[in-house]
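# A closer look at the structure
For reference, the chains in residue letters:
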Amino acid sequence: MSNDSGTEIKKEGAGSPAPEASSAPAPTPRFGGGGGGRGGRFGGQRGGGGGGRGRRSDSPGSDFDGQGGEELTEKVVFINRSSKVVKGGRRFKFSALVVVGDKKGRVGLGLGKATEVSDAIRRGGEDARRQMKSVSLKDATIPHEIFSEFDGARILLRPASPGTGIIAGKTVRAVLESAGIRDILTKSLGSKNAANVVKATLNGLLKLRTREAIYKSRGLEIKKVAAPVAPTAS
């Protein structure tokens, strides 16, 4: 078909094929996407898009003894920080003094060292579990009075009547509570160094002996005394 000027005009009919649409996907904006640069106007993170390292779990392990399955209590007595000056600055290390016990007459002391506090506490707890020892108790108190020394620390332990509670400082209290003692009188008479006080307290508890153990070591038998009978009114 041509117009008056002789120019040929092509007219598309209904049956002519439509132009094909582009199959390539539309580009999506990258706001700090994977492997991007150091940021940009939209604040993208450096090397963003990766999964990240994730949050480290600092939760303590199981509080059960591996041998008998008994529940153990772990108390951190003291944490010390030491530093070393090097060429690039200062390096810090931590040591943790940990007491572990089952509150049934078994208690242990451990010392852990590491560059992180959590690792030092974990190592101290593992060391204390390996060194747990049995302590002689009489109900909720100790069988007799005891005086113990370790270096400059001097500790006096006395039995108390039911309901008295633990009369002690925080360092001595940690050892006594872990051992399962609930009624006792104590007095620290020497150094206040936490490590020496704990060791003096633990040494005093290990020296305790019950009446039955003393009689057995001497080859004697405990005489049973009959309970007194109340007089009857005549």
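The following paragraphs examine the structure supplied in this document. (Residues numbered from 1 in each chain as written. Predicted model: local features only at pLDDT ≥ 70, side-chain atom pairs only at ≥ 80, totals over all residues. Heavy atoms only, no water.)

### Description of the overall build of the protein chain
If you tally the helices and strands in the protein chain, you get 4 helices and 8 strands. Going from the N terminus to the C terminus, the protein chain shows its helices and strands as β-β-β-α-β-β-β-β-α-β-α-α. Looking at the protein chain as a whole, 27% of its 234 residues qualify as buried. In the protein chain, the proportion of contacts linking residues at least 24 apart, taken out of those at least 6 apart, comes to 52%. (Helix = DSSP H or I, 4+ residues; strand = E, 2+ residues; numbered from the N terminus. Buried < 20%, exposed > 50% of the residue type's maximum accessible area, 1.4 Å probe, protein only. Contact = heavy atoms within 4.5 Å.)

### What to know about the sheet that holds strand β1 (residues 73-86)
Here we have 4 strands laid out as an open sheet, ordered β1-β2-β3-β4, and antiparallel in their pairing. Looking at the sheet topology across the chains shown, the edges are occupied by β1 and β4 (133-134). Here strand β3 (residues 106-114) pairs with β4 via 2 bridges, running antiparallel. Paired with Arg106 across the bridge in β4 is Ser134. (Pairing = 2+ DSSP bridges.)

### Describing the pairing of strand β6 (residues 153-159)
As paired strands, strand β5 (residues 146-150) and β6 are joined by 5 bridges and run antiparallel to one another. Residue pairing for β6: Phe147 is matched across the bridge by Leu156. As consecutive antiparallel partners, β5 and β6 are separated by 2 residues, and within that stretch Asp151 has a phi angle of approximately 55°, a positive value. As paired strands, β6 and strand β8 (residues 184-188) are joined by 5 bridges and run antiparallel to one another. Each residue of the ladder has a partner; that of Ile155, found in β8, is Ser188.

### With respect to the sheet that holds strand β7 (residues 166-167)
Strand order in the open sheet formed by 4 strands is β5-β6-β8-β7, and the pairing between neighbours is mixed. For this open sheet the edge positions go to β5 and β7, each flanked by a neighbour on one side alone. Those strands touched by helix α3 (residues 194-206) are β5 and β6, and its axis lies near 140° from that of β5. (Axes fitted to C-alpha atoms, helices over the stretch in contact; angles between N-to-C directions.)

### Examining the pattern of salt bridges
Considering all chains together, one arrives at 8 salt bridges under this definition. One salt bridge in this structure joins Lys75 and Glu177, with 3.4 Å as the shortest N-O distance. Remark: Glu177 occurs in helix α2 (residues 170-179) and Lys75 occurs in strand β1; sequence separation between them is 102 residues. Looking at Glu177, the relative accessible area reads 26%, which means it is partly exposed. It is possible to trace a salt-bridge network through shared partners that takes in Lys75, Arg173 and Glu177. (Salt bridge = Lys/Arg side-chain N within 4 Å of Asp/Glu carboxyl O.)

### Brief notes about the nonpolar core
If you look at the biggest cluster of nonpolar residues, it comprises 27 residues, and the most contacted ones within it are Leu176 and Leu205. For this core, the element with the most residues is α3, which contributes 6 residues. Sequence-distant contacts of Leu176, that is, excluding residues within four places in its chain, are made with Ile166, Ala168, Ile181, Ile184, Thr186, Thr201 and Leu205. Of all hydrophobic cores here, the second largest spans 9 residues; its members include Leu72, Ala114, Ala128 and Met132. (Core = buried A, V, L, I, M, F, W, Y, C linked by side-chain atoms within 4.5 Å.)

### A look at α3
Spacing of three or four residues puts side chains on the same side of an α-helix, whose turn is 3.6 residues. Across its 13 residues, α3 extends 18 Å between first and last C-alpha, which sits within 8% of the 18 Å expected from 1.5 Å per residue. For α3, the full list of buried residues reads Ala194, Asn196, Val197, Val198, Ala200, Thr201, Leu202, Gly204 and Leu205. Along its buried surface, α3 packs onto β1, β2 (89-101), β3, β5, β6 and α2. A distance of 3.1 Å separates the backbone nitrogen of Ala195 from a side-chain oxygen at the start of α3, and that oxygen is part of Asn193. (Expected span 1.5 Å × (residues − 1). Polar contact = N/O pair within 3.5 Å; in protein donor to acceptor, adjacent residues only side chain to side chain.)

### Observations regarding helix α1 (residues 117-130)
Taking 1.5 Å per residue, 14 residues should reach 20 Å; α1 reaches 20 Å between its end C-alpha atoms and fits that length. Those residues of α1 that fall on the buried side of the exposure criterion are Ala120, Gly124, Gly125, Asp127 and Ala128. Relative to the axis of α1, the buried residues are bounded by an arc of 165° and lie together on one face. Packed against the buried residues of α1 are β1, β2 and β3. (Arc of directions from axis to C-beta.)

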